[in-house]
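# Structural overview for review
Chain residues, written in single-letter form:
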Amino acid sequence: MKKEIKVLISACLLGDNVKYSGGNNLTPELVTLLEKYNVDIVKVCPECFGGLPIPRVPSEIRENKVFSKDNRDITEEFLAGAEETLKVAKENEVNFVILKERSPSCGSTHIYDGSFSGNVIPGQGITAKRLTEEKIKVFSEENLEEIEKYLVELDKN
């Protein structure tokens, strides 16, 4: 019997209204891909796990800390959300993770530069970095081809 593939995913990518603005980042191509491989989905929102409200003031990473646009240091909430996400990933024995690119929690390769001007720089969000430190494979919704290749490999085993 084939082993079930479990994937932890940013809830906003699946249409949950947990984004800072109260909206979502539904990515239909991602949903289609996950359905094709019949994966078991574990939805998370690290920022909600950290106790931040919906909607909330936008936030960005600056000097390894997270600040809201009104200049409050909310690093602790982001760290708490990252730890809870890691716990959920381990409890569910997920095969890999798909997180929202450029998010201060979930950005896997790029984040905003902390100036709230829309500038994007190479870097990882707090949760993506924490999961990577624990050797958990992290993708973004922008890497559908890579995700599919990974799913094909998992499907073979």
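As recorded in an unreviewed UniProt entry, the protein chain goes by Purine nucleoside phosphorylase and comes from Fusobacterium periodonticum 2_1_31.

So, about the nonpolar core. Formed by 18 residues in total, the largest nonpolar core has its most connected members in Val-7, Val-39, Phe-96, Ile-98, Ile-147 and Leu-151. Mapped onto this core, the elements with two or more residues apiece are strand E1 (6–10), helix H1 (28–36), strand E5 (96–99) and helix H5 (144–156). Leaving out residues up to four positions away in the same chain, Val-39 has contacts with Ile-5, Val-7, Leu-34 and Leu-151.

Bringing helix H4 (residues 126–133) into the picture now. Because each turn of an α-helix spans 3.6 residues, side chains separated by three or four positions in sequence point in the same direction. Of the positions making up H4, those classed as buried are Ile-126, Thr-127, Ala-128, Arg-130 and Leu-131. Among the structural elements, helix H2 (46–49), strand E3 (59–62), strand E4 (65–68), helix H3 (75–91), E5 and strand E8 (138–140) are those in contact with the buried residues of H4. Of the residues flanking the end of H4, it is Lys-135, one or two places downstream, whose phi is positive at about 65 degrees.

The geometry of H3 relative to H4 is characterised by a closest axis approach of 9 Å and an angle of 45 degrees between their N-to-C directions. Relative to H4, H3 is oriented oblique. Viewed along their axes, H3 and H4 form a crossing whose handedness is right-handed. Touching Phe-78, Leu-79, Gly-81, Ala-82, Glu-83, Thr-85, Leu-86 and Ala-89 of H3 are Ile-126, Thr-127, Arg-130 and Leu-131, all from H4. Split by residue class, the contact of H3 with H4 holds seven nonpolar, three polar and two charged.

Right, let's get into the pairing of strand E2 (residues 40–44). In summary, the side chains of a regular strand alternate between the two faces of the sheet. Bridge count for E1 against E2 is five bridges, and the pairing is parallel. Paired with Ile-9 across the strands is Lys-43, a residue of E2. Handedness of the crossover joining E1 and E2 through H1: right-handed.

Turning our eyes to something else, we now look at the environment of Pro-53. By the element assignment, Pro-53 lies in the loop between H2 and E3. Residue Pro-53 is classed as partly exposed on the basis of its relative accessible area of 48%. With 43 residues separating them along the chain, Pro-53 and Ser-10 place their C-alpha atoms 16 Å apart.

Okay, the pattern of salt bridges next. In total, this model carries 13 salt bridges according to the counting rule given. One salt bridge in this structure joins Lys-100 and Glu-141, with 2.7 Å as the shortest N-O distance. Of this pair, Lys-100 sits in the loop between E5 and strand E6 (110–112) while Glu-141 sits in the loop between E8 and H5; the two residues are 41 residues apart in sequence, bridging distant segments of the chain. Accessibility expressed as a relative area gives 15% for Lys-100, which makes it buried. We classify Glu-141 as buried; its relative accessible area is 8%. A single network of salt bridges, built from pairs that share partners, joins Glu-83, Lys-90, Arg-130, Glu-133 and Glu-134.

In this section: H3. Across its 17 residues, H3 extends 24 Å between first and last C-alpha, which sits within 8% of the 24 Å expected from 1.5 Å per residue. Taken together, the buried positions of H3 are occupied by Thr-75, Phe-78, Gly-81, Ala-82, Thr-85, Leu-86, Val-88 and Ala-89. One side of H3 holds all its buried residues, which, seen down the axis, span an arc of 160 degrees. Exposed positions of H3 whose direction lies more than 90 degrees from the buried face are Glu-76 and Glu-91. Residues of H3 that are buried in the fold lie against E1, E2, H2, E3, E4 and H4.

Conventions we followed
Every residue gets a number counted from 1 within its own chain, in the order that chain's sequence is written. Whole-chain, interface and lining totals are the exception, using all residues; otherwise, since this is a predicted model, local features are given only for residues with pLDDT of at least 70 and side-chain atom pairs are given and counted only at 80 or more. Side-chain measures were taken over the full set of non-hydrogen atoms in the model, leaving aside hydrogen atoms and water. To form a nonpolar core, buried Ala, Val, Leu, Ile, Met, Phe, Trp, Tyr and Cys residues must be joined to one another through side-chain atoms within 4.5 Å. Only protein chains enter the calculation, and the probe is 1.4 Å; a residue is then buried if its accessible area is under 20% of its type maximum, exposed if over 50%, and partly exposed in between. Every helix listed is a DSSP run of H or I at least four residues long, and every strand listed is a run of E at least two residues long, numbered separately from the N terminus. Residue contacts are counted whenever heavy atoms from the two residues lie within 4.5 Å of one another. Only C-alpha atoms enter the line fits that serve as axes; for helices the fit covers just the stretch in contact. Angles between N-to-C directions range over 0 to 180 degrees. Roughly parallel means an angle under 35 degrees; roughly antiparallel, over 145; roughly perpendicular, 65 to 115; everything else is oblique. If you view the pair so one helix is near and one far, a crossing is left-handed when the near helix is turned anticlockwise from the far one by less than a right angle, and right-handed when it is turned clockwise. Here the term charged refers only to Asp, Glu, Lys and Arg, the term nonpolar to Ala, Val, Leu, Ile, Met, Phe, Trp, Tyr, Cys and Pro, and the term polar to all other amino acids, Gly among them. Strands pair, by our definition, only if DSSP identifies at least two bridges between them. When the strands point away from the viewer, a crossover counts as right-handed if the path from the first strand over the helix to the second runs clockwise. The salt bridge criterion pairs a side-chain nitrogen of Lys or Arg with a carboxyl oxygen of Asp or Glu, the two atoms within 4 Å. To estimate how far a helix should reach, multiply one less than its number of residues by 1.5 Å. What the arc describes is the spread of directions from the helix axis to the C-beta atoms.

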